[in-house]
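The lines below spell out each chain.
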Amino acid sequence: MSDVKECTHHKEKRRKLLRRCCAGLLIFNFILLVLILIIWAILQPKKPQFIIQDATVYAFNVSAPNFITSSIQVTIYSRNPNDKIGVYYDKLDVFATYRSQQITYYTAIPSVYQGHKDVNVWSPFVSGVNVPVAPYNGASLSQDQAAGTVGLTIKIDGRVRFKVSTYISRRYHLHVKCPARIDFGGRSSSGVIVGGNAVKYQLTQSCGVTV
């Protein structure tokens, strides 16, 4: 009889211990959530801002069967809108796409730290020689070029870390998409001739940013 009472007593103790552990875990999670909300309210974190300012076209030729050769210099403006958070750009690769297909090689942008409210301006070349494209994209590119306007997307893929005081976060993926609707009709009034055969186009388009 005493063994049954002792067993029941131990079960009750385990139940109480389990309830206390669950209550402690809930309290800990609640406190952690409150701390996160307080930190977020203090820091008010914002994503980096990107703008594509211009594009200078040195070469853009579509040749059969469905190969493209291009050389375009783009000017990209980047700003850190935070006044308490710094940004480490550990790895940045820029390239051009047409209808979701990559049409240039990757171009690396040097790693840099962007302080509070700081601005960086990069002017990388995106280029490729005889880069193969899908047949339907090759045909569309030729048609768009003949019509005078080609809609490209300049993309940046990279890794970033964020710094708050002495704390530095883990690495996050950064994806930037900049629309670049460029007149490839030659020396038109919308572009400025530079360096002999190159044409520079002012774009000033905001880019979509995902972190």
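Just so it is clear, the model here is predicted, and its values are computed rather than measured.

## Here we look at the overall build of the protein chain
Then step 1. Counting its secondary structure elements, the protein chain contains two helices and 14 strands.
Then step 2. Buried residues in the protein chain amount to 35% of all 211 residues.
Then step 3. In the protein chain, the share of contacts with a sequence separation of at least 24, taken over all contacts with a separation of at least 6, comes to 71%.
Then step 4. Taken as a whole, the protein chain presents about 12,700 Å² of accessible surface, with 59% of it coming from carbon and sulfur.

## Observations regarding the side chain of Thr97
Then step 1. Inspection of the secondary structure assignment puts Thr97 in strand β3 (residues 86–98).
Then step 2. The exposure class assigned to Thr97 is buried, which follows from its relative accessible area of 3%.
Then step 3. Those residues in contact with Thr97, other than ones at most four positions away along the chain, are Gln102, Ile103, Leu152, Thr153 and Lys155.

## A word on the nonpolar core
Then step 1. Phe50, Phe60 and Ile154 are the most contacted members of the largest nonpolar core, which has 39 residues in total.
Then step 2. Of all the secondary-structure elements, those providing two or more residues to this core are β1 (49–63), β2 (67–79), β3, β8 (125–132), β9 (149–164), β11 (172–183) and β13 (198–206).

## A word on the packing of aromatic side chains
Then step 1. What the rule picks out here adds up to seven aromatic pairs.
Then step 2. On the basis of an interplanar angle of 85° and a centroid distance of 6.3 Å, the ring pair of Phe50 and Tyr89 is categorised as edge-to-face. Within this pair, whereas Phe50 is found in strand β1, its partner Tyr89 is found in strand β3, the two being separated by 39 residues in sequence. As far as the burial class goes, Phe50 and Tyr89 line up, both buried.
Then step 3. On the numbers, 5.8 Å between centres and 85° between planes, the contact of Tyr89 with Trp122 is edge-to-face. Linking Tyr89 in strand β3 with Trp122 in strand β7 (residues 119–122), this pair joins segments that are 33 residues apart in sequence.
Then step 4. What makes Trp122 buried here is its relative accessible area of 10%.

## Considering the state of the cysteines
Then step 1. Inspection of the entire model under this criterion finds one disulfide.
Then step 2. Paired through a disulfide, Cys178 and Cys207 show a sulfur-sulfur distance of 2.1 Å. Its S-S torsion of approximately 105° makes the covalent link between Cys178 and Cys207 right-handed. Here Cys178 is found in strand β11, whereas its partner Cys207 is found in the loop between β13 and β14 (208–210), with 29 residues between them in sequence.
Then step 3. Free of any disulfide, Cys22 has its nearest cysteine sulfur in Cys21, 6.9 Å distant.

## Looking at the side chain of Gln73
Then step 1. Residue placement: Gln73 occurs in strand β2.
Then step 2. Engagement of the side chain of Gln73 in a polar contact is seen with the backbone oxygen of Ser123, the distance being 3.2 Å.

## Observations regarding the environment of Asp83
Then step 1. With respect to the element layout, Asp83 can be found in the loop between β2 and β3.
Then step 2. Ignoring sequence-local partners within four residues, the contact set of Asp83 consists of His116 and Lys117.

## Thoughts on the layout of surface pockets
Then step 1. What the largest pocket holds in volume is close to 360 Å³.
Then step 2. Pro45, Ile85, Phe162, Val164 and Tyr172 are the residues nearest the centre of the largest pocket, which is lined by 13 residues in total.
Then step 3. Partitioning the lining of the largest pocket into residue classes produces nine nonpolar, two polar and two charged.

## Some points on the pairing of strand β12 (residues 191–194)
Then step 1. Direction of pairing for β12 relative to β13: antiparallel, over a ladder of four bridges. Opposite Ile193, over in β13, you have Val199 as the bridge partner.
Then step 2. Between β12 and β13, which pair antiparallel in sequence order, lie three residues; one of them, Gly195, sits at a positive phi of approximately 60°.

## Thoughts on the environment of Val160
Then step 1. Following the sequence through the fold, Val160 ends up in strand β9.
Then step 2. As a C-alpha pair, Val160 and Tyr172 span twelve residues in sequence and 5.3 Å in three-dimensional space.
Then step 3. For Val160, the contacting residues outside a window of four places in its chain are Val87, Tyr88, Tyr89, Arg170, Arg171, Tyr172, Leu174 and Val211.

Conventions adopted
Every residue gets a number counted from 1 within its own chain, in the order that chain's sequence is written. Since the coordinates come from a predicted model, pLDDT governs what is reported: local features require at least 70, and pairs of side-chain atoms require 80 or more to be given and counted, while whole-chain, interface and lining totals use all residues. Only heavy atoms go into the side-chain values, all of them from the structure, while hydrogens and water stay out. Only DSSP runs of H or I covering at least 4 residues are called helices, and only runs of E covering at least 2 are called strands; the numbering of each starts at the N terminus. Burial status follows relative accessibility: with a 1.4 Å probe on protein chains alone, a residue under 20% of its type maximum counts as buried, one over 50% as exposed, and anything between as partly exposed. Contacts were defined at the residue level, with two residues in contact if any of their heavy atoms lie within 4.5 Å. Each accessible area value is a Shrake-Rupley result obtained with a 1.4 Å probe; residue values ignore everything except the protein chains displayed when judging cover. In these notes, a set of buried Ala, Val, Leu, Ile, Met, Phe, Trp, Tyr and Cys residues joined through side-chain atoms within 4.5 Å is what counts as a nonpolar core. Whether two aromatic rings pair depends on their centres lying within 6.5 Å, for rings of Phe, Tyr and Trp, where Trp uses its six-membered ring; planes under 30 degrees apart make the pair stacked, over 60 edge-to-face, and the rest tilted. Whenever a pair of cysteine sulfur atoms sits within 2.5 Å, that pair is classed as a disulfide. Contacts described as polar in this section are N or O atom pairs within 3.5 Å, which, within protein, must combine one atom able to donate a hydrogen with one able to accept it, while residues neighboring in sequence count only if both atoms come from side chains. Each cavity reported here is a set of points on a 1 Å grid over the protein atoms alone in which a 1.4 Å probe fits but cannot get out, each pocket an open set with protein on both sides within 12 Å along at least five of seven lines, and each lining residue one with an atom within 4 Å of a point. Grid points are joined across faces, edges and corners, and a volume is the space filled by probe spheres set on the points. Three classes are used, and their members are as follows: Ala, Val, Leu, Ile, Met, Phe, Trp, Tyr, Cys and Pro are nonpolar, Asp, Glu, Lys and Arg are charged, and the others, Gly among them, are polar. Paired strands, in this sense, are two strands between which DSSP finds at least two bridges.

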